[in-house]
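# Fold and contact review
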2 protein chains.
Amino acid sequence: MTTAHLDATFMALADPTRRAILARLAQGEATVMELVAPFKLSQPAISKHLKILERAGLITRGRDKQKRPCRIEPQPLAEANQWLESYRKLWEANFARLDDLLDELKQQKP
Amino acid sequence: MTTAHLDATFMALADPTRRAILARLAQGEATVMELVAPFKLSQPAISKHLKILERAGLITRGRDKQKRPCRIEPQPLAEANQWLESYRKLWEANFARLDDLLDELKQQKP
DNA sequence: AGGTTGTATAACCGATGGGAAATATACGAG
DNA sequence: CTCGTATATTTCCCATCGGTTATACAACCT
């Protein structure tokens, strides 16, 4: 995964409206108007969010008559998840080492 | 984890410089100047990034004489990870169901 | 063809991000 | 006290975000 790709993915996730859209899409495809409904936002506002999600590859859009149904694309999420996971493990390993060190120090001077 | 907290965390992760800083800090504490060194950026630029990371709770800073060593705080990362993970699982479950459906359809009409 | 619904685009606005440069502050060394 | 180092803060710039309203485009239905 390129750095730019991670940029776009995390940036797309950094907005509550977009995370809510993703949560909604987790239950299945939805049209733009169906996504507009639950929010107090205008349709263009939602379309903008969808474009950002699309740019990050988090969703793709089909064509059904004049509707453009959105669906989730799980791969970029998996990649972001992988990045987070690997660093989390690394950090936790570091903290474990730190804990070990502290334990050692405590034992040396009780 | 509050929505605002997730906002700040993902926003902080959406910049390659900040991710690089986190990667550097994964190897242990570092001062501001040590973090400035590997980049072509000015010191104030790095200080800004550190402030954003601090705001998201991803790092904390100590005090050692006139230095302000930065260290990683793993908890918010774990929380972001948890959010991603849960949605990823949900989406993958959805895709699995879709796959099952497709398999079923294939078997019906071979 | 004309009207309606679904979606996208444009133009605009205020807030914020990411950067540079300059300056201020805080601390330690001599 | 002064100098140098480490860091923070201020000021300024430009680009982008997130929202609005108004408008255009596209596809369906009479």
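### A look at the overall build of chain A
From N to C terminus, chain A includes five helices and two strands. Beginning at the N terminus, the succession of helices and strands in chain A can be written as α-α-α-α-β-β-α. Burial analysis of chain A (110 residues in total) assigns 40% to the buried set. Here the analysis covers contacts within chain A between residues at least 6 apart in sequence; of these, 51% occur between residues at least 24 apart. For chain A, the computed accessible surface area is about 6600 Å², with 54% contributed by carbon and sulfur atoms.

### Description of the interface of chain A and chain B
Listed per partner, the contact involves 30 residues of chain A and 30 residues of chain B. With both sides pooled, the region where chain A packs onto chain B buries about 2700 Å², and carbon together with sulfur makes up 72% of that total. In terms of surface lost to chain B, no three residues of chain A exceed Arg 19, Leu 84 and Trp 91 of chain A, which account for 23% of the buried area on that side. For the pair chain A and chain B, the number of links is two salt bridges. The residue Arg 19 of chain B makes a salt bridge to Asp 7 of chain A at a minimum N-O spacing of 2.7 Å. Joining chain A to chain B, the criterion identifies six residue pairs in polar contact (both at pLDDT 80 or more). For the side of chain A that touches chain B, the secondary structure elements donating two or more residues are α1 (3–13), α2 (16–25) and α5 (74–108) of chain A.

### Considerations on the nonpolar core
Within soluble globular proteins, side chains that are nonpolar tend to cluster in buried spots. Judged by nonpolar contacts, the single largest core of 56 residues is most densely connected at Phe 10 and Leu 50 of chain A together with Phe 10 and Leu 50 of chain B. Excluding residues within four positions of it along the chain, Leu 50 of chain A makes contact with Ile 21, Val 32, Leu 35, Ile 59, Arg 61 and Cys 70 of chain A.

### A look at the protein's contact with DNA strand C
What surrounds DNA strand C is a group of 25 residues, the closest being Gln 43 of chain A together with Arg 18, Ser 42, Lys 48 and His 49 of chain B. Counting only atoms of DNA strand C within 4 Å of the protein, the sugar-phosphate share comes to 66%. By residue number, the principal contributor to the surface near DNA strand C is helix α4 (residues 43–55) of chain B, which donates six residues. Across the surface near DNA strand C, the residue classes break down as eight nonpolar, seven polar and 10 charged.

### Section: the packing of aromatic side chains
The full count for this structure, using the stated rule, is five aromatic pairs over all chains. With a centroid separation of 5.8 Å and 70° between ring planes, the pair formed by Phe 10 of chain A and Trp 83 of chain A is classed as edge-to-face. Taken together, the positions of Phe 10 of chain A in helix α1 and Trp 83 of chain A in helix α5 put the pair 73 residues apart, joining distant regions of the chain. Of the residues examined, Phe 10 of chain A reaches a relative accessible area of 0% and is grouped as buried. Here the aromatic rings of Phe 10 of chain A and Phe 10 of chain B are separated by 6.1 Å at their centres, their planes lie at 20°, and the arrangement is stacked. Taken as a pair, Phe 10 of chain A in helix α1 and Phe 10 of chain B in helix α1 (residues 3–13) lie in two separate chains rather than in one. In this pair, the class of Phe 10 of chain A matches that of Phe 10 of chain B, namely buried. Following the ring pairs from residue to residue traces out a cluster consisting of Phe 10, Trp 83 and Tyr 87 of chain A together with Phe 10, Trp 83 and Tyr 87 of chain B. The lysine or arginine in question, Arg 19 of chain A, covers the ring of Trp 83 of chain B, its NZ or CZ lying 6.0 Å from the ring centre.

### With respect to α4 of chain B
Residues and elements named next belong to chain B. Its 13 residues give α4 an end-to-end C-alpha distance of 18 Å, which sits within 8% of 18 Å, the value for a rise of 1.5 Å per residue. Within α4, burial applies to Ile 46, His 49, Leu 50, Ile 52 and Leu 53. All buried residues of α4 lie within an arc of 160° about the axis, which places them on one face of the element. Facing away from the buried surface of α4 by more than 90 degrees, the exposed residues are Lys 48, Lys 51 and Arg 55. The inward-facing, buried residues of α4 contact α1, α2 (16–25), α3 (32–36), β1 (59–61) and β2 (70–72). At the C-terminal side of α4, Gly 57 shows a positive phi close to 75°.

### Concerning the confidence of the model for chain A
Put simply, chain A has an average pLDDT of 87, and 85% of its residues get 70 or more. In the model of chain A, α5 of chain A stands out as the element of lowest mean pLDDT, 74, in contrast to helix α4 (residues 43–55) of chain A, which has the highest, 98.

Scoring rules and cut-offs
Residues numbered from 1 in each chain as written. Chains lettered and ligands numbered in written order. Predicted model: local features only at pLDDT ≥ 70, side-chain atom pairs only at ≥ 80, totals over all residues. Heavy atoms only, no water. Helix = DSSP H or I, 4+ residues; strand = E, 2+ residues; numbered from the N terminus. Buried < 20%, exposed > 50% of the residue type's maximum accessible area, 1.4 Å probe, protein only. Contact = heavy atoms within 4.5 Å. Areas by Shrake-Rupley, 256 points an atom, 1.4 Å probe, with all protein chains shown as cover. Buried area = accessible area lost by both parts, 1.4 Å probe. Salt bridge = Lys/Arg side-chain N within 4 Å of Asp/Glu carboxyl O. Polar contact = N/O pair within 3.5 Å; in protein donor to acceptor, adjacent residues only side chain to side chain. Core = buried A, V, L, I, M, F, W, Y, C linked by side-chain atoms within 4.5 Å. Near = heavy atom within 4 Å. Nonpolar A, V, L, I, M, F, W, Y, C, P; charged D, E, K, R; others polar. Phe/Tyr/Trp six-rings, centres within 6.5 Å; stacked < 30°, edge-to-face > 60°. Lys NZ or Arg CZ within 6 Å of the ring centre and 35° of its normal. Expected span 1.5 Å × (residues − 1). Arc of directions from axis to C-beta. pLDDT = per-residue confidence, 0-100.

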